[in-house]
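Summary of structural features
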Amino acid sequence: MKIKTTKPNQKKTTTLFRSAEKSLLYAFTEEAIDNTLRKTLVPLMRGKICTVVTFSPTEKTWQLKRSLGLLLDKKLRANLELSAHKLIQATKDKRKLYHDYLGTRVIPLYRNTREISFWLFPADTDKHFPPDILKYFAELLSSALKRIGAFQQVEETTSSRYQLLLDELSEGMLVSDAASRVLYANKAAADILGISREKLLRMRLLELIHPLDRIKVKGYYRLLKKKKVFISERKMQHGKGHYITVQRTARMLPDDRMVSILRDISEQKESEYRRDEFVSIASHELRTPLSTLKIYSELLSKELRILPNADDALVIVDEIKNQINEQTNLIEDLLNLSKIRAGKLMFRMDYVDVNALAEKTVRQMRSLIRGKHRIILKGKVKKLIYGDRNRLHQVIVNLLSNASKYSRSRGQVTLTLTQNNRYIKISVHDLGIGIPKREQKKIFRKFYRVDENNPDGFGIGLFLTKDIVKHHKGTLLVKSKPGEGSTFTVSLPFAKQNKDL
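**Structural notes on the overall build of the protein chain**
Summing up its helical and strand segments, the protein chain has 13 helices and 17 strands in all. Here the analysis covers contacts within the protein chain between residues at least 6 apart in sequence; of these, 59% occur between residues at least 24 apart.

What follows is the structure, encoded as structure tokens:
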């Protein structure tokens, strides 16, 4: 490769060297040295070879590691590799300019146990530049290379330490690019997938996804760029051929690569499936005796109303009926949970008047709690929503029941209806025990209860409520402080036809 240049004059040479000097004083990367050599010395050397070469040791000899500046041609590169040991030995012995080696001058620049660097330039360079300038420039190059070598060694040491740390993690860690090619995998990731790290680094994650799940990963990269962090569950092929369920928490890096944390949740999923099967079967079996009890309690209530002085007995029977209703609701929640897991929860969509729904639900709840709490309904809305009336009734019942359950005796529970430009909001506020901030994200999980000492319920009401709201393309939020009560707010979009009452 030749670059046609004219013989440099002294002024131009001085300007270029000063510019190169500044660059090399602050060079911390090989790229900086390479740019300096190309912009400064290549033109000054009249297009002849001007490069910094670096050799690294092997078991028997030294191998050319890299060249910076004007790239070496193939013939010269081959000659350097063949006679690298001779070149290194000669410069080590003489400690001075090594003349006329392959038609070039050679100056040793930098050496440690891992590599050695030389500056190669045309043999007739001293005709145009004083030796002291060349020597000074060689010192600048040597200093820059030492600085870069030190930084690289620190980075390698740090990387090695992080590698050891990452290999101790019980969770799998992968780094991949936009094409899902695996760029890094720790030991746990290889163990989870049952594939060696060497093989993983030659694969794409998409190859491991179950065929039925592959449609779900379309647009995954674009979605992650928007969200930055995304949690998903996928069936992935294990090295032994079977499929496992993996939870993947992916985060987008600044360079558009993805770092993913993998957890094998196959056993957890199997446990949930068995539990849901048991709950479904048990719930169906319990409905029959409860229905019978409900019929008998109604008959008993009618008989007692005929008899004189049966008021105390009627109170007891009414309490029995309330407890039967409570158990029936719990069983319905368990059945709904099983349906959600199976994707079979049915929704009968229609236009819903939220005002009428709220009034009806409040009346029912007042009759159930019988003065234990005061339930107040505030506000009205002018828009309809499109949803399942019974499911939305269930949402309000769950929120009012929770508010009553965790409120002080005879406390006040307020149901407020409001609307903005897009949503109708249903807020339930209580003056109860409140929810600590660290618990507020957990309360929507299955079987999670804030107060474990409270025996009522299975801890699935809020989980069902959130799922129903999500199906209606709405949101469910909570604001709470311990000792000051809680406010749960459901936001539901207007009907598409934007109908008014």
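**A few points about the environment of Leu145**
Considering the arrangement of structural elements, one finds Leu145 in helix 5 (residues 131-167). The exposure class assigned to Leu145 is buried, which follows from its relative accessible area of 5%. As a C-alpha pair, Leu145 and Ile116 span 29 residues in sequence and 9.9 Å in three-dimensional space. Leu145 has contacts with Ile33, Val52, Leu109, Tyr110 and Ser117, leaving out every residue within four places of it along the chain.

**A closer look at the pattern of salt bridges**
According to the stated counting rule, one finds 9 salt bridges in the structure shown. One salt bridge in this structure joins Arg438 and Glu439, with 3.8 Å as the shortest N-O distance. Shared partners join several salt bridges into a network, and the residues in it are Glu30, Lys65, Arg66 and Glu115.

**A word on the nonpolar core**
Counting 37 residues, the largest nonpolar core has Leu400, Leu415, Ile426, Phe488 and Val490 as its most contacted members. Among the elements of the structure, helix 11 (354-369), helix 12 (389-405), strand 14 (412-419), strand 15 (423-430), helix 13 (461-471), strand 16 (475-481) and strand 17 (485-493) are those that each provide at least two residues to this core. Considering every element that reaches this core, the biggest residue donor is helix 12, with 7 residues. For Leu400, the contacting residues outside a window of four places in its chain are Thr361, Val362, Met365, Ile375, Val413, Leu415 and Val428. Formed by 24 residues, the second largest nonpolar core is a distinct cluster that contains Val52, Ile107, Phe129 and Leu141.

**Here's the deal with the sheet that holds strand 14**
A sheet is described by the order of its strands in space; here 5 strands give the open sequence 12-14-15-17-16, paired in mixed fashion. If you trace the sheet from one side to the other, it starts and ends with strand 12 (374-378) and strand 16, each paired once. Each adjacent strand pair in this sheet contributes to an overall mean axis angle of 15°, direction not counted. Contacts from helix 13 reach strand 16 and strand 17, with the element oriented near 140° to strand 16.

**A closer look at the packing of aromatic side chains**
In this structure the tally under the stated criterion is 4 aromatic pairs. Relative to Tyr386, the ring of Tyr351 has its centre 5.2 Å away and its plane inclined at 65°; by these criteria the two rings are edge-to-face. A residue pair is termed long-range when its members are at least 10 positions apart, and Tyr351 in strand 11 (residues 349-352) and Tyr386 in strand 13 (residues 385-388) qualify at 35 residues. Since its relative accessible area comes to 41%, Tyr386 is described here as partly exposed. A cation over an aromatic ring shows up here: Arg391 above the ring of Phe347, its NZ or CZ 5.8 Å from the ring centre.

**Some remarks on a nonpolar patch on the surface**
Nonpolar side chains collect at one region of the surface, where Leu25, Tyr26, Phe28 and Phe151 lie side by side and expose about 460 Å² of accessible area between them. Relative to the assigned elements, Phe28 resides in the loop between helix 1 (10-25) and helix 2 (30-44). On the basis of relative accessible area, Phe28 is assigned to the partly exposed category, the value being 41%.

**So, the confidence of the model for the protein chain**
Low-confidence regions, as indicated by low pLDDT, have predicted coordinates that should not be scrutinised in detail. Across the protein chain, the average pLDDT comes to 79, with 81% of residues at or above 70. Per-element confidence in the protein chain ranges from a low mean pLDDT of 51 for strand 3 (residues 98-101) to a high of 94 for strand 15. The model gives residues 1-6 a pLDDT under 50, and that stretch makes 10 contacts with residues more than four places away or in other chains. Segment residues 95-99 is flagged for pLDDT under 50; beyond a separation of four residues in sequence, or across chains, it makes 13 contacts in the model.

**A few points about the packing of helix 11 against helix 12**
The geometry of helix 11 relative to helix 12 is characterised by a closest axis approach of 10 Å and an angle of 45° between their N-to-C directions. Classified by the angle their axes make, helix 11 and helix 12 are oblique. The interaxial crossing formed by helix 11 with helix 12 has right-handed handedness. In contact with Leu357, Ala358, Thr361, Val362, Gln364, Met365 and Ile369 of helix 11, helix 12 contributes Arg389, Leu392, His393, Ile396, Val397, Leu400, Ser401 and Ser404. The residue makeup of the contact of helix 11 with helix 12, split by class, is 9 nonpolar, 5 polar and 1 charged.

**A word on the sheet that holds strand 7 (residues 182-185)**
Spatially, 7-6-10-9-8 is the arrangement adopted by the 5 strands of the open sheet, whose pairing is antiparallel. Pairing within the sheet leaves two strands with one partner each, and these edge strands are strand 7 and strand 8 (229-237). Taken over all neighbouring pairs, the strand axes of this sheet differ in orientation by 30° on average, direction set aside. Pairing between strand 6 (residues 172-176) and strand 7: 3 bridges, direction antiparallel. The residue bridging Leu174 from the neighbouring strand is Ala185, located in strand 7. Lying on the sheet, helix 8 (residues 220-227) is in contact with strand 8, strand 9 (243-252) and strand 10 (258-264); it crosses strand 8 at an angle near 155°.

**Focus on the side chain of Thr489**
Structurally, the position occupied by Thr489 is in strand 17. Of the residues examined, Thr489 reaches a relative accessible area of 18% and is grouped as buried. Within the local environment of Thr489, its side chain forms a polar contact with the side chain of Ser427, the two groups lying 3.2 Å apart. Sequence-distant contacts of Thr489, defined by excluding residues within four places in its chain, comprise Lys425, Ile426, Ser427, Thr475, Leu476 and Leu477.

How each quantity is defined
- Residues numbered from 1 in each chain as written.
- Predicted model: local features only at pLDDT ≥ 70, side-chain atom pairs only at ≥ 80, totals over all residues.
- Heavy atoms only, no water.
- Helix = DSSP H or I, 4+ residues; strand = E, 2+ residues; numbered from the N terminus.
- Contact = heavy atoms within 4.5 Å.
- Buried < 20%, exposed > 50% of the residue type's maximum accessible area, 1.4 Å probe, protein only.
- Salt bridge = Lys/Arg side-chain N within 4 Å of Asp/Glu carboxyl O.
- Core = buried A, V, L, I, M, F, W, Y, C linked by side-chain atoms within 4.5 Å.
- Pairing = 2+ DSSP bridges.
- Axes fitted to C-alpha atoms, helices over the stretch in contact; angles between N-to-C directions.
- Phe/Tyr/Trp six-rings, centres within 6.5 Å; stacked < 30°, edge-to-face > 60°.
- Lys NZ or Arg CZ within 6 Å of the ring centre and 35° of its normal.
- Patch = residues over 30% accessible without salt bridge, like charges linked within 9 Å, V, L, I, M, F, W, Y side chains within 5 Å.
- Areas by Shrake-Rupley, 256 points an atom, 1.4 Å probe, with all protein chains shown as cover.
- pLDDT = per-residue confidence, 0-100.
- Parallel < 35°, antiparallel > 145°, perpendicular 65-115°, else oblique.
- Left-handed = near helix turned anticlockwise from the far one by under 90°.
- Nonpolar A, V, L, I, M, F, W, Y, C, P; charged D, E, K, R; others polar.
- Polar contact = N/O pair within 3.5 Å; in protein donor to acceptor, adjacent residues only side chain to side chain.

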